[in-house]
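Per-entry structural report
Listed below are the residues making up each chain.
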Amino acid sequence: MVDLIMKDILGTPAILVGLFALIGLLLQKKDVANVISGTLKTIMGFVILGAGAGVLVASLDNFSSMFDHAFEIQGIIPNNEAIVALAQDAFGAETAMIMLFGMVANILLARITPFKYIFLTGHHTMFMACLIAVILSTGGFSGVTMIVTGSIILGSLMVLLPALLQPYTRKITGSDDFAIGHFGSFGYLIAAAVGKAVGKNSKSTEEIKVPKSFNFLRDTSVSVSLTMAILFFVVALFTGPSFIESELSGGTNFLVFSFMQALTFAAGVYIILAGVRMLLSEIVPAFKGIADKVVPNAIPALDAPSVFPFANNAVIIGFFFSFVAGLLSMFLLPILGLKVIVPGLVPHFFTGAAAGVFGNATGGRKGAVFGSMANGVIISFLPALLLPVLGSLGFQGTTFGDSDFGVVGLLLGGLIELLSSNVLFLIIVAALLIAVFVGAALIKRSLAKNNLEEKHDAI
């Protein structure tokens, strides 16, 4: 029964989000038809998003195989799913309990603090719960102490990180209808900060002027297809036909295969955008019930692709330049005595694309380019720095990919190593969380006051 609830229900993002939509609609006392329709469409939106991600990842896996064979690079490819799977044998029960009570802590903190964010990205909740369990175990935590400590840390992250990002998310979307609940937040924050620093007077990526003869490039599907076709063709020429046709394409000509993989990638992006639109059209109105009854003014914190439809060009620019930064970092890491981190296309696409959108929001085209490159460097160096902590537990082969896992893992691991007492560790963590909550609340209040004064002056 525990496995059914924790892994099959709460661990399935589509069902988790569907449950929140169902609760929201029931609290609004909608009729049966609207409850069924809204719940199923919310789940379908997430299923469509997941299906698009699956199509896209399959194409990226082929690209990775071609790339690795062409350039014969030996290193570690960060993969959240892989390391969580490895850790489940030793920390499966702890991960499940931290995830469950972390979600409860999220709702309680959203209720009693000024940060009204409900984190709905279920798979990332599970990944972070696993990381926290692994790191706490190195400090000798176990049982109830580990679960309570881990749940409070997780629940705090689930409200604080969307809150930190929200000023930029609002700038992207033009509203507070939803927030970003994805543990790549530090990468997006830095992308937005870099964009603000370098992008003065830079025009938006969505204002790129295209000659009339190239108007077809304004179609996202077409521009993505052509961009990926160029990338696939270049790598295919370095890889050579023999490997592709014998190992990947099943005998299909290597250039034809590469072209079809580029179109498959574009189809995946198209499906993701369609799923996001359906999800948002259902979850935002349904969430009003939770906002009104359980957590007044609650804001759903959704997965990173939720911002993709707001800046289609920035998505592709962000992915490309994040990956370029990952390639450059790959050569810098061994010089600094760190393990080589081979850029994984999946984290660079999802977090790089989102970083491009955030960078564009604050710094236009320059912000999208340099902001996503900053993200690419971050998700290359943080996994390399985190490896020694995870390696001591026998997880040398892979590591977590997205930025927040590196930041949280290094911070918790550093405190555990620095402090010899678990009691002292708990006191320091509690003090840090209280300081962050109070500081963030004061900043939020100050910003709200400044906004009111600006409106008053305008009047």
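Within any chain, residue numbers begin from 1 and follow the written order of that chain's sequence. Given that this is a predicted model, residues contribute local features only at a pLDDT of at least 70 and side-chain atom pairs are listed and counted only at 80 or more, while totals for whole chains, interfaces and linings are drawn from all residues. To get the side-chain values, take all heavy atoms of the structure and skip hydrogens and water.

1. Structural notes on the packing of aromatic side chains
Two aromatic rings from Phe, Tyr or Trp, using only the six-membered ring of Trp, form a pair when their centres are within 6.5 Å; if the ring planes differ by under 30 degrees the pair is stacked, by over 60 it is edge-to-face, and anything between is tilted. A full pass over the atoms with the stated rule returns 15 aromatic pairs. Ring geometry for Phe-63 against Phe-67: centres 6.5 Å apart, planes inclined by 20°, an arrangement best described as stacked. Residue Phe-63 and its partner Phe-67 are both found in helix α3 (residues 32-71); the two are separated by 4 residues, about one turn of the helix. Residue exposure (1.4 Å probe, protein chains only): buried if accessible area is under 20% of the type maximum, exposed if over 50%, otherwise partly exposed. Given the relative accessible area of 4%, Phe-63 is considered buried. Since its relative accessible area comes to 10%, Phe-67 is described here as buried. In textbook terms, an aromatic cluster arises when at least three aromatic residues are bridged by ring pairs, as seen for Phe-265, Phe-308, Phe-319, Phe-349 and Phe-350. A run of H or I in DSSP becomes a helix once it reaches four residues, and a run of E becomes a strand once it reaches two; helices and strands are each numbered from the N terminus.

2. What to know about the nonpolar core
Ranked by internal contacts, the top residues of the largest apolar core, which has 120 residues, are Met-128, Phe-183, Phe-265, Phe-308, Phe-349, Phe-400 and Phe-425. Apart from residues no more than four positions distant in its own chain, Phe-400 is found in contact with Pro-78, Asn-80, Ile-83, Val-84, Phe-127, Leu-131, Pro-383, Leu-386, Leu-390 and Phe-405. Counting 6 residues, the second largest nonpolar core, distinct from the first, contains Ile-76, Phe-381, Ala-384 and Leu-387. Residues enter a nonpolar core if they are buried and are Ala, Val, Leu, Ile, Met, Phe, Trp, Tyr or Cys, with the set joined through side-chain atoms within 4.5 Å. Contacts are assigned to residue pairs that have any heavy atoms within 4.5 Å of one another.

3. Details of the confidence of the model for the protein
pLDDT runs from 0 to 100 and stands for how confident the predictor is about each residue. Mean pLDDT over the protein works out to 83, with 86% of the residues at or above the 70 mark. Model confidence for the protein, summarised as mean pLDDT per element, is weakest for helix α1 (residues 2-9) at 60 and strongest for helix α7 (residues 185-198) at 95. Note on residues 453-459: pLDDT under 50 across the span, and 0 contacts to partners over four residues away in sequence or across chains.

4. Brief notes about the packing of helix α5 (residues 122-138) against helix α13 (residues 403-418)
As a packed pair, α5 and α13 sit with axes 9 Å apart at the nearest point and diverge in direction by 20°. Put simply, α5 runs roughly parallel to α13. The handedness of the crossing between α5 and α13 is right-handed. Here α5 contributes His-124, Phe-127, Met-128, Leu-131, Ile-132, Ile-135, Leu-136 and Thr-138 to the contact with α13, which in turn contributes Asp-404, Phe-405, Val-408, Gly-409, Leu-412, Gly-413 and Ile-416. Under this scheme, a helix contributes an axis fitted over its contacting stretch, all axes are lines through C-alpha atoms, and angles between N-to-C directions fall in the 0 to 180 degree range. Roughly parallel means an angle under 35 degrees; roughly antiparallel, over 145; roughly perpendicular, 65 to 115; everything else is oblique. Here is the rule for handedness: rotate from the far helix to the near one, and if that takes an anticlockwise turn smaller than a right angle the crossing is left-handed, while a clockwise turn gives right-handed.

5. Section: the environment of Leu-22
With respect to the secondary-structure elements, Leu-22 resides in helix α2 (residues 13-27). The spacing of Leu-22 and Gly-38 is 16 residues in sequence and 7.5 Å in space, taken between C-alpha atoms. Among all residues touching Leu-22, those that are not within four sequence positions of it are Val-35 and Thr-39.

6. What about the side chain of Asn-360?
Structurally, Asn-360 can be placed in helix α12 (residues 345-391). Asn-360 sits in the buried class, given a relative accessible area of 10%.

7. A closer look at the sheet that holds strand β3 (residues 299-302)
The strand order β1-β3-β2 describes an open sheet built from 3 strands, whose pairing is parallel. A strand with exactly one partner marks an edge of an open sheet, and here the two such strands are β1 (117-119) and β2 (179-180). A pair of strands is treated as paired once DSSP finds two or more bridges between them. With 3 bridges joining them, β1 and β3 adopt parallel strand pairing. From the neighbouring strand, Phe-119 faces β3, where its bridge partner is Ala-301. Strand contacts of helix α6 (residues 143-173): β1, β2 and β3, with the helix running at about 115° to β1, the strand carrying the most contacts.

8. Observations concerning the pairing of β3
Across the two faces of β3 the burial is the same, with Ile-299 and Ala-301 and Pro-300 and Leu-302 all buried. Across 2 bridges, the pairing between β2 and β3 is parallel. Residue Ile-180 lies in a different strand from β3, and its bridge partner there is Leu-302.

9. Things to note about the pattern of salt bridges
Salt bridges are defined as contacts in which a side-chain nitrogen from Lys or Arg sits within 4 Å of a carboxyl oxygen from Asp or Glu. Under the defined criterion, the tally for this structure stands at 1 salt bridge. When the shortest N-O distance is used, the salt bridge between Arg-170 and Asp-176 registers 3.0 Å. On the basis of relative accessible area, Arg-170 is assigned to the partly exposed category, the value being 36%. Residue Asp-176 is classed as partly exposed on the basis of its relative accessible area of 35%.

10. Considering a nonpolar patch on the surface
Among the surface-exposed residues, Val-32, Ile-36, Leu-40 and Met-44 lie close enough to one another that they form a single nonpolar patch of about 380 Å² accessible area. With respect to the secondary-structure elements, Ile-36 resides in helix α3. Given a relative accessible area of 47%, Ile-36 falls into the partly exposed group. The patches reported here contain residues having more than 30% relative accessible area and no salt bridge. Joining distances are 9 Å for like charges and 5 Å for nonpolar side chains (Val, Leu, Ile, Met, Phe, Trp, Tyr). Every accessible area reported is derived by Shrake-Rupley at a probe size of 1.4 Å, with residue values counting cover from the shown protein chains alone.

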